[in-house]
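This is what each chain is made of:
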Amino acid sequence: MKSLAQQRPFLLFAVCLAILQFVVVVPVVVVASPVARPQEEEFEFEGDPEVIDGAARGGGGVRCRGKLRRQAWHTMTNTQKKKYIDAELCLMWQTPSRTTHPAAVSVYDDFQGEHQLQAYEIHDDGWFLAFHRYYIWAHEKLLREDCGYRGAHPYWDETHDSAGFTSSSIFSATTGFGGTGTPGAGTVSFLFDWPASAFPAQTITASCITTGPFANYTLHIGPGTLNTAHCISRDVNDGGGALAAAPNINDCLAQASYAAFWPCVNGLPHGAGHGGVGGEMTNPISSPGDPMFYMHHAWIDKLWWDWQRAANVASRKTELAGYTSVLPIALPGGGGGTGYVNATLGDVLHLGGLVRTVTVGETHDWEDGLLKCVEYV
């Protein structure tokens, strides 16, 4: 017979079995605490947001896999800002030109070149807002497709900074677009020919930007209708910023018709960013040479988007007014020449083959057209 010591393990096992017969096992549910997603993830979206159902793109022809949420620069995290700027640098340095512009080297040049070539058809007329909405949409599209950017196109809330552009964080050398230019940092052949100025080209001292990610970058398009190698120049000032003050913006948003709205936005708000940044941005033909152009015109587009959604939503998707050219006759160097022809929703806009063509109507229909899968926040 086994001793008690020898039987102890078996006795303990039997006792455990007996106890288990009277134990009610209650399952333990572990509830994981919600993990906050980084802000940048909430504003990122991989792949094309549009799903095309057949040939049609308007109305039921497009479904949205997600919304590209365009946000103000000052609300973005430093991580988001860096991703956007890195993508812009990619367009400048890593994407070869795809248009026939003779001076273009990169896709960044392509954008500036198309703006230069079409300048007299896309300013101060009925195509102004339509073309620049298309322009920002295309810029956003190629940042994502060519450079792996996952976010939406940001905008510069100029009203937020209207009290002082010179102190805006958007001009930070570390988390922004770099600061104002340094007087005398370079020279540039300047041609301010709007429209068809009689003044000859002249070489002037330029305030090239020397801080931030775009310092010492060489532009190949412009200034104006020229194509000369030159720096990105800036002269950031508070006088231009004052044009973006809330009363001026509210006055435009209060306009009852598109015929009154677009000239209003084309005035003080449009002048704010161009004049307040200064330098290359003051040239209406070659201004996209400064990356600030895209931030400014994304904000202009947001103002239009806000106005369209504020009242009379159905009619504001189709309202149109203005001509197809700022000049009725052709210029010696090209541009103009369409005559004073009324713009229509069926007019076709292009960017030299960089992206698909669109109709003016597609740009106006923010709900089922070009911005169907985009929203401003």
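About the thresholds
- Residues numbered from 1 in each chain as written.
- Predicted model: local features only at pLDDT ≥ 70, side-chain atom pairs only at ≥ 80, totals over all residues.
- Heavy atoms only, no water.
- Helix = DSSP H or I, 4+ residues; strand = E, 2+ residues; numbered from the N terminus.
- Polar contact = N/O pair within 3.5 Å; in protein donor to acceptor, adjacent residues only side chain to side chain.
- Buried < 20%, exposed > 50% of the residue type's maximum accessible area, 1.4 Å probe, protein only.
- Phe/Tyr/Trp six-rings, centres within 6.5 Å; stacked < 30°, edge-to-face > 60°.
- Lys NZ or Arg CZ within 6 Å of the ring centre and 35° of its normal.
- Axes fitted to C-alpha atoms, helices over the stretch in contact; angles between N-to-C directions.
- Parallel < 35°, antiparallel > 145°, perpendicular 65-115°, else oblique.
- Contact = heavy atoms within 4.5 Å.
- Nonpolar A, V, L, I, M, F, W, Y, C, P; charged D, E, K, R; others polar.
- pLDDT = per-residue confidence, 0-100.
- Expected span 1.5 Å × (residues − 1).
- Core = buried A, V, L, I, M, F, W, Y, C linked by side-chain atoms within 4.5 Å.

Draft legend 1. Region of interest: the side chain of glutamate 362. Structurally, glutamate 362 can be placed in helix 12 (residues 360-364). Polar side-chain contacts of glutamate 362 include one of 3.1 Å to the side chain of arginine 356.

Draft legend 2. The arrangement of unusual backbone geometry in detail. Cis geometry is found at the peptide bond from glycine 222 to proline 223, where omega equals -5°. You can see proline 223 is positioned in the loop between strand 6 (218-219) and strand 7 (230-231). Here the phi dihedral of aspartate 124 falls at roughly 55°; this positive angle occurs in a residue that is not glycine. Accessibility expressed as a relative area gives 34% for aspartate 124, which makes it partly exposed. Residues other than glycine seldom take positive phi values, yet asparagine 312 does so here, at roughly 45°.

Draft legend 3. Summary view of the packing of aromatic side chains. Within this structure, the stated rule accounts for 24 aromatic pairs. Residues tyrosine 135 and tyrosine 294 carry aromatic rings whose centres are separated by 5.7 Å and whose planes lie at 5° to one another, so their mutual orientation is stacked. Here tyrosine 135 is found in helix 5 (residues 128-147), whereas its partner tyrosine 294 is found in helix 10 (residues 292-310), with 159 residues between them in sequence. Each of the two residues, tyrosine 135 as well as tyrosine 294, counts as buried. Connected via pairs of aromatic rings, a cluster forms that spans Trp93, Tyr108, Phe111, Phe131, Tyr134, Tyr135, Trp137, Tyr217, Phe293 and Tyr294. Of note, arginine 309 hangs over the ring of tryptophan 366, and the distance from its end group to the ring centre comes to 5.5 Å.

Draft legend 4. Main features of the packing of helix 8 (residues 258-266) against helix 9 (residues 268-277). One can describe the packing of helix 8 onto helix 9 by two numbers: an axis separation of 4 Å at closest approach and a directional angle of 20°. As far as their axial angle goes, helix 9 and helix 8 are roughly parallel. In this structure, helix 8 contributes Cys264, Val265 and Asn266 to the contact, and helix 9 contributes Leu268, Pro269 and His270. Across the contact of helix 8 with helix 9, the residue classes break down as 4 nonpolar, 2 polar and no charged.

Draft legend 5. Looking closely at helix 9. Of all 10 residues in helix 9, 7 are buried, a share of seventy percent or more. For helix 9, the set of buried residues is Pro269, His270, Ala272, Gly273, His274, Gly276 and Val277. Looking one or two residues beyond helix 9, the residue adopting positive phi is glycine 278, at roughly 70°.

Draft legend 6. A look at the confidence of the model for the protein. Mean pLDDT over the protein: 84, with 77% of residues reaching 70 or higher. Contacts from residues 1-36, a stretch scored under 50 in pLDDT, to residues over four places away or in other chains number 4 contacts.

Draft legend 7. Structural detail: helix 5. Given a rise of 1.5 Å per residue, 20 residues ought to cover 28 Å, and the 28 Å separating the end C-alpha atoms of helix 5 matches this to within 8%. Summarising burial for helix 5: 17 of the 20 residues are buried, a large majority. Glycine 148 occupies a position one or two residues after helix 5 and carries a positive phi of about 70°.

Draft legend 8. Quick peek at the nonpolar core. Core analysis: the biggest nonpolar cluster contains 77 residues, and Tyr84, Phe111, Leu129, Tyr134 and Leu351 have the highest contact counts within it. The set of elements that each furnish at least two residues to this core consists of helix 3 (78-93), helix 4 (107-117), helix 5, helix 7 (246-253), helix 8, helix 9, helix 10 and strand 10 (374-376). Looking at this core element by element, the count peaks at 12 residues for helix 5. The next biggest cluster of nonpolar side chains, apart from the first, holds 5 residues, and it includes Ala119, Ile285, Val326 and Leu327.

Draft legend 9. Region of interest: the side chain of threonine 99. Structurally, threonine 99 can be placed in the loop between helix 3 and helix 4. By relative accessible area, which is 13% here, threonine 99 ends up buried. There is a polar contact of 3.4 Å between the side chain of threonine 99 and the backbone nitrogen of histidine 101. Within the local environment of threonine 99, its side chain forms a polar contact with the side chain of aspartate 110, the two groups lying 2.6 Å apart. Each residue touching threonine 99, except ones within four places of it in the same chain, is listed here: Ala104, Asp110, Glu114, Leu351, Gly352 and Leu354.

Draft legend 10. Spotlight on the environment of glutamate 319. With respect to the helices and strands, glutamate 319 occurs in the loop between helix 11 (313-316) and strand 8 (348-349). Assessed through its relative accessible area of 21%, glutamate 319 is described here as partly exposed. Placed 60 residues apart in sequence, glutamate 319 and alanine 259 show a C-alpha to C-alpha distance of 8.1 Å. For glutamate 319, the contacting residues outside a window of four places in its chain are Ser257, Tyr258, Trp307 and His364. A distance of 2.9 Å separates a polar atom in the side chain of glutamate 319 from the backbone nitrogen of tyrosine 258.

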